[in-house]
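For reference, the chains in residue letters:
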Amino acid sequence: MDTPVTKLSEGPEDPFAVRRAASAVLDGRGRIVGWSMRAEALLGYAAEEALGRLAVGLLVDPRDHDVVVDAAAVCVRDGGWFGVVPVRDRDGRRVELGCRIREITRGDGSPSEWFCVCSPADEVIQWETDRSVLDGLFRRSPIGLAVHAPDLSILRVNRAITKFTHMPVEQHRGLHTGDFLIQLDTDTVERQLRDVLETGRSSIATELPCRLNRDPGRELVVSVSGFRMEDPSGRILGVTQTIEDVTERYKARRRLALLNEAGARIGTTLDVARTARELAEVAAPELADYVSVDLLAPVIRGAEPVQEMPGPLCRTAVRGPLPDEAEGADVMYPVGHTIHVPAESLQARCLAERRPLLDGRLGETAGWFLDPERTERALHLGTHSLMVVPLVARGLVLGLLSLWRPRRLEPFEEDDLKVAEEFASRAALCIDNARRYTQQHEAALTLQHSLLPHEVPGHPAVEVAHRYLPADAASGVGGDWFDVIPLSGLRVALVVGDVVGHGIHAAAMMGRLRTAVHTLANLDLTPDEVLSHLDDLVDRLATEQEPTDEHSPQVVGATCLYAVYDPVSRSCALARAGHPPPAVVTPDGRVRVLELPAGPPLGLGGLPFESAELTLDEGSLLALYTDGLIQARKRDVEQSLADLCEALTVPTRSLEETCAVVEGTLLRDRATDEVADDVALLVARTRVLAAEKVVTWELPVEATAAADARTLTASQLTEWGLEEMAFTTELIVSELVTNAYRYGEGPITLRLIRDRRLICEVSDTSSTSPHLRRARTTDEGGRGLFLVAQLTERWGTRYKRDGKTIWTEQPLSAARVPGVL
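Worth saying up front: this structure is predicted, and the values here are computed from it rather than measured.

S.K.: Describe in detail the overall build of the protein, supporting the description with residues and values.
M.R.: A count of helices and strands for the protein gives 22 helices and 31 strands. Pairs at least 24 residues apart make up 61% of the contacts formed inside the protein by residues separated by at least 6 positions. Carbon together with sulfur atoms contributes 52% to the accessible area of the protein, which is approximately 41200 Å² in total.

S.K.: Explain the sheet that holds strand S17 (residues 462-469) to me, and be specific about the residues and the numbers.
M.R.: Pairing in this open sheet of five strands is antiparallel, and the strands run S17-S26-S25-S22-S23 from one edge to the other. Strands with a single pairing partner mark the edges of an open sheet, and in this sheet they are S17 and strand S23 (591-593). The average angle at which neighbouring strand axes cross in this sheet is 15°, direction not considered. In the packing of helix H18 (residues 637-648) onto the sheet, the strands contacted are strand S22 (583-585), S23 and strand S25 (621-625), and the crossing angle to S25 comes to about 140°. In this fold helix H19 (residues 655-666) packs onto S17, S25 and strand S26 (679-686), with an angle of close to 35° to the strand it touches most, S17.

S.K.: Can you break down helix H7 (residues 183-199) residue by residue, with the values?
M.R.: In a regular helix each residue adds 1.5 Å, so 17 residues correspond to 24 Å; H7 covers 24 Å between its end C-alpha atoms and thus fits that length. Buried within H7 we find Asp 185, Thr 186, Val 189, Glu 190, Gln 192, Leu 193, Val 196 and Leu 197. The buried residues of H7 occupy an angular sector of 155° when projected down its axis, which confines them to one face. The exposed residues of H7 that point more than 90 degrees off its buried face are Gln 183, Leu 184, Arg 191 and Glu 198. Taken together, the buried residues of H7 touch strand S6 (144-148), strand S8 (203-212), strand S9 (215-230) and strand S10 (236-245). Taken from the residues just after H7, Gly 200 is the one with a positive phi, measuring 80°.

S.K.: Please provide a residue-by-residue account of the pattern of salt bridges, values included.
M.R.: Charged atoms that come close allow side chains of opposite charge to pair. Scanning all chains against the criterion turns up 44 salt bridges. Of the charged contacts in the structure, one is a salt bridge between Arg 211 and Asp 185, with a shortest N-O distance of 3.7 Å. Note that Arg 211 is positioned in strand S8 and Asp 185 in helix H7, a separation of 26 residues in sequence. Two residues, Asp 617 and Arg 570, come together in a salt bridge whose shortest N-O distance is 3.3 Å. Of this pair, Asp 617 sits in the loop between strand S24 (612-615) and S25 while Arg 570 sits in the loop between strand S20 (558-565) and strand S21 (571-577); the two residues are 47 residues apart in sequence, bridging distant segments of the chain. The class for Arg 570 is partly exposed, based on a relative accessible area of 28%.

S.K.: Account for the sheet that holds S9, with residues named and values stated.
M.R.: Taken in spatial order, the five strands make up an open sheet running S7-S6-S10-S9-S8, and their pairing is antiparallel. Looking at the sheet topology across the chains shown, the edges are occupied by strand S7 (154-157) and S8. Ignoring which end each strand starts from, the neighbouring axes of this sheet average 30° apart. Taken together, the nine bridges between S9 and S10 define a ladder with antiparallel strand orientation. Within S10, the residue paired with Phe 227 across the bridge is Thr 240. Running over the sheet, helix H8 (residues 247-265) touches S8, S9 and S10 and is turned about 110° from S9.

S.K.: Hey, could you go over the nonpolar core for me, with residue numbers and the actual values?
M.R.: Core analysis: the largest hydrophobic core is formed by 55 residues, its most contacted members being Trp 481, Leu 494, Leu 513, Leu 534 and Tyr 562. Top element by residues in this core is helix H15 (residues 504-522). It accounts for eight residues. Residues within four places of Leu 513 in sequence aside, it is in contact with Trp 481, Val 499, Leu 534, Leu 537, Val 538 and Ala 558. With 53 residues, the next largest nonpolar core counts Leu 258, Leu 295, Leu 346 and Ala 434 among its residues.

S.K.: I'd like a rundown of the environment of Asp 498, residues and numbers included.
M.R.: As for its position among the elements, Asp 498 is in strand S19 (residues 492-499). Sequence separation between Asp 498 and Trp 481 is 17 residues; the distance between their C-alpha atoms is 6.4 Å. Contacts of Asp 498, omitting those with residues within four sequence positions, involve Gly 479, Asp 480, Trp 481, Ala 558, Thr 559, His 579, Thr 626, Asp 627 and Asp 677.

S.K.: Account for the packing of aromatic side chains, naming residues and giving values.
M.R.: Tallied over the entire structure, the rule returns two aromatic pairs. Ring centres of Phe 16 and Phe 82 lie 5.8 Å apart, and the angle between their planes is 65°; this geometry places the pair in the edge-to-face category. Of this pair, Phe 16 sits in the segment before strand S1 (22-26) while Phe 82 sits in strand S3 (residues 80-88), placing them 66 residues apart in sequence. With relative accessibility at 12%, the residue Phe 16 sits in the buried group. Members of the aromatic cluster, connected to one another through ring pairs, are Phe 16, Phe 82 and Trp 127. Positioned above the aromatic ring of Phe 16 is the side chain of Arg 100, whose terminal nitrogen or guanidinium carbon lies 4.5 Å from the ring centre. In this structure, Arg 156 is placed above the aromatic ring of Phe 138, and the distance from its NZ or CZ to the ring centre is 3.7 Å.

S.K.: Residues and numbers for the pairing of strand S16 (residues 396-405), please.
M.R.: With 10 of 10 residues buried, S16 lies mostly within the body of the structure. Both strand S11 (residues 290-296) and S16 contribute to a ladder of six bridges, which runs antiparallel. Bridge pairing in S16 places Ser 292 opposite Ser 402. Two elements, strand S15 (residues 385-393) and S16, share nine bridges in a ladder whose sense is antiparallel. The partner of Leu 391 across the bridge, within S16, is Gly 399. The turn linking S15 back onto S16 is made up of two residues, and Arg 394 within it adopts a positive phi angle of 55°.

S.K.: Explain the pairing of S24 to me, and be specific about the residues and the numbers.
M.R.: Across the two faces of S24 the burial differs, with Ala 612 and Leu 614 buried and Glu 613 and Thr 615 not buried at all. Across four bridges, S21 lies against S24 in antiparallel orientation. Across the sheet, the residue bridging to Ala 573 is Glu 613, located in S24.

S.K.: Lay out unusual backbone geometry with the relevant residues and their values.
M.R.: The residue after Ala 284, namely Pro 285, is reached through a cis peptide bond having omega 5°. Look at Leu 152: it is not a glycine, yet its phi comes out positive at around 70°. By the secondary structure assignment, Leu 152 is in the loop between S6 and S7. On the accessibility criterion, Leu 152 (4% relative accessible area) is buried.

S.K.: Mind laying out the environment of Cys 118, listing which residues take part and the relevant values?
M.R.: Its place among the elements puts Cys 118 in strand S5 (residues 113-120). Taking the C-alpha atoms as reference points, Cys 118 and Ala 22, separated by 96 residues in sequence, lie 5.0 Å from one another. If we skip the residues at most four places from it in the chain, Cys 118 touches Phe 16, Ala 21, Ala 22, Leu 97, Gly 98 and Cys 99.

S.K.: I'd love a proper account of a nonpolar patch on the surface, names of residues and values included.
M.R.: Residues Val 133, Leu 134 and Leu 137 make up a contiguous nonpolar surface patch of roughly 250 Å² in combined accessible area. Within the secondary structure, Leu 134 is located in helix H5 (residues 121-139).

S.K.: Could you give an account of the packing of H18 against H19, with specific residues and numbers?
M.R.: In contact at an axis separation of 9 Å, H18 and H19 are set at 150° when each is read in the N-to-C sense. In terms of orientation, H18 lies roughly antiparallel with respect to H19. Remark: the crossing between H18 and H19 carries right-handed chirality. Taken together, the residues of H19 that come into contact with H18 (itself represented by Ser 640, Asp 643, Leu 644, Ala 647 and Leu 648) are Thr 658, Val 661, Val 662, Thr 665 and Leu 666. Tallied by class, residues from the contact of H18 with H19 come to six nonpolar, three polar and one charged.

S.K.: Provide a residue-level description of the side chain of Asp 64, including the pertinent values.
M.R.: The topology assignment puts Asp 64 in the loop between helix H3 (55-59) and helix H4 (65-78). Classification of Asp 64 as buried rests on a relative accessible area of 7%. The contacts of Asp 64, once residues within four sequence positions are left out, are Pro 86 and Arg 94.

S.K.: How would you summarise the packing of helix H20 (residues 705-720) against helix H21 (residues 726-743) if you had to cite specific residues and measurements?
M.R.: Where H20 meets H21, the closest approach of the two axes is 9 Å, and the angle between their N-to-C directions is 150°. Judged on the interaxial angle alone, H21 and H20 are roughly antiparallel. For the crossing formed where H20 meets H21, the hand is right-handed. Counting all contacts with H20, which are made through Ala 705, Ala 706, Ala 709, Arg 710, Thr 713, Ala 714 and Leu 717, the residues of H21 involved are Ala 726, Thr 729, Glu 730, Val 733, Ser 734, Val 737 and Thr 738.

The rules behind these values
- Residues numbered from 1 in each chain as written.
- Predicted model: local features only at pLDDT ≥ 70, side-chain atom pairs only at ≥ 80, totals over all residues.
- Heavy atoms only, no water.
- Helix = DSSP H or I, 4+ residues; strand = E, 2+ residues; numbered from the N terminus.
- Contact = heavy atoms within 4.5 Å.
- Areas by Shrake-Rupley, 256 points an atom, 1.4 Å probe, with all protein chains shown as cover.
- Pairing = 2+ DSSP bridges.
- Axes fitted to C-alpha atoms, helices over the stretch in contact; angles between N-to-C directions.
- Expected span 1.5 Å × (residues − 1).
- Buried < 20%, exposed > 50% of the residue type's maximum accessible area, 1.4 Å probe, protein only.
- Arc of directions from axis to C-beta.
- Salt bridge = Lys/Arg side-chain N within 4 Å of Asp/Glu carboxyl O.
- Core = buried A, V, L, I, M, F, W, Y, C linked by side-chain atoms within 4.5 Å.
- Phe/Tyr/Trp six-rings, centres within 6.5 Å; stacked < 30°, edge-to-face > 60°.
- Lys NZ or Arg CZ within 6 Å of the ring centre and 35° of its normal.
- Patch = residues over 30% accessible without salt bridge, like charges linked within 9 Å, V, L, I, M, F, W, Y side chains within 5 Å.
- Parallel < 35°, antiparallel > 145°, perpendicular 65-115°, else oblique.
- Left-handed = near helix turned anticlockwise from the far one by under 90°.
- Nonpolar A, V, L, I, M, F, W, Y, C, P; charged D, E, K, R; others polar.

Given below as structure tokens:
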């Protein structure tokens, strides 16, 4: 069978191609016996002019004679010559040609002839340069080069490929990629090669995983580029592929990306458990197949861990390729599990030495999973490599980071250990910040809760219910508070306040203000006077207080709403200092937000406060709150106030249900708020003291005033069935009226109030303050207030714009208290 003839195309850049090169034939004496048309075009001599002439005489300039003769001698000696020679064209110009000369021997015994092929020297030199580059790619290039036929069989490879295959260059011809790579990677590479062959689009620096048949446990990463080969006619000859091992560069880039990701993803909150989970999520699956984070128990609680004997670890986070996978669940301890670390274990060494440890041959290490059964299961999964890294921050060992590889075949390397150590160090600092915040947050919560009223006692003037919702953990503890303070004359003070800022400083300031409010309330001051004194106090405290560091800003202000309700007169006096106004619901369901003088926030100093007074019908609803209630949602404050009014009018069976409705209406999106604040809500329903429980007399300023007072009191107590209290009460009334007669001015008013206590009040127009003193044995007077103090449970003085009132309280026996027994 005849061998088929294959037509090939000459490259357009080949200077010695038939269509580009000039050719001539010289006989043994140097005469021109053959002359091509291309030679005529290049040098200008027609064939008739050149044939039969000596080449030296026709084509060589006398100045170049010796050079040409020397080259001819070398050609005759070696049987051929290749180089650049100067010649002269028909116009006498000197032209340098690249020449290739070969000896031709005829079979008839005639003398040898010489066949010369020539092209311009610059084209020949360029072509030689290109050939040297090609030769360098195959012989000296550090980047692998493989030439494939259209069927993807290998035609030729360079020496750099042998670093992958460990075969001589000449043995690669005819083989395929699958003879060197595992099937999965072969499919990927050949798919790319076919795409280049079919589309003609080159692939550039595509990074591909690569595992060799001779070492499938080691994964390489190669950068592959490919281009299609075509001859000048466009016929496809195959595809050439460059291959560079970029494994180390890829790993370094991946480690750097992992560290950047760790910096962005770890420590987004001040929550210990969340930070531990973020650490695990960053480490797996990029660095390890399975990751666990185990913290010392005190760290989770926010306490400082003991360093001498760290104690057991608590599994805080677990991460794997399939968290719910049954086999993985059998190997990894669940979150919340307490782990006792054996002294001989790798984990114990890591904690004791405070340095990361790497074990790449786990099959030869016993007990590294802290549990023989789990160790056996882990080995069955193929776990072969372990890293343990201590979590250390500010000199404290907080816990342990463990990383395993059962799925990836390559073991951990020292560089992997450095990466794990780096982001474990970052995570440890974030965990310690979260621990310290948790500690401070818990302390602030404890302080704040200890300062707030745990139970609001019942009061005859109002029925109350309340809500207190602490700020979200991300915002810290605030300074909101509320209070229900009993006052003299069955009156009650309702207070709601909010200190600027969060944390322990705000909670401490709140405690001081609450104490001050109680003290001022006991002085029976009007609401505007109470706020004025509080304003002075906050201003003074702000001056005295200095921040401990840049993260603990100085608390410099507060807001407050102070209301006093009198169940006898049904009057309610209110004043506010930069605080949201209260809402009032009448018994018939009409609701409005009171328009009170706003007043400046506490702490500004030098600005006045104003009180407003209104009369409330029995059963009216008064709602006091902090700004966290109406600013909790991303809505307009006016809309929130409208929602509050609507919620307060919803029919309910109790005030607790009313609070629940308000909370559900205005705080339903609180969990998703980016910035949450404390919320305090105090709801009070007013009561009115029955007319038969109050009696009032106007007494003349005469010497008989005390006697009249005794007579009236005895009669009223008999009517109330309190005859057994007559003697004591007559004595108290007599002393108080006598003092008013002697030291007071204007008319004297006597009022008796009966509820759970018997209250006696004597008022006059004098603002002189009585005081208790101990009389000497020889003194005839001075014992009145002393006797009053001994005979009563409480007594005091409150001032009005037109005088003062001295009041006393006596407890009633259980049988005499309305509603008891």
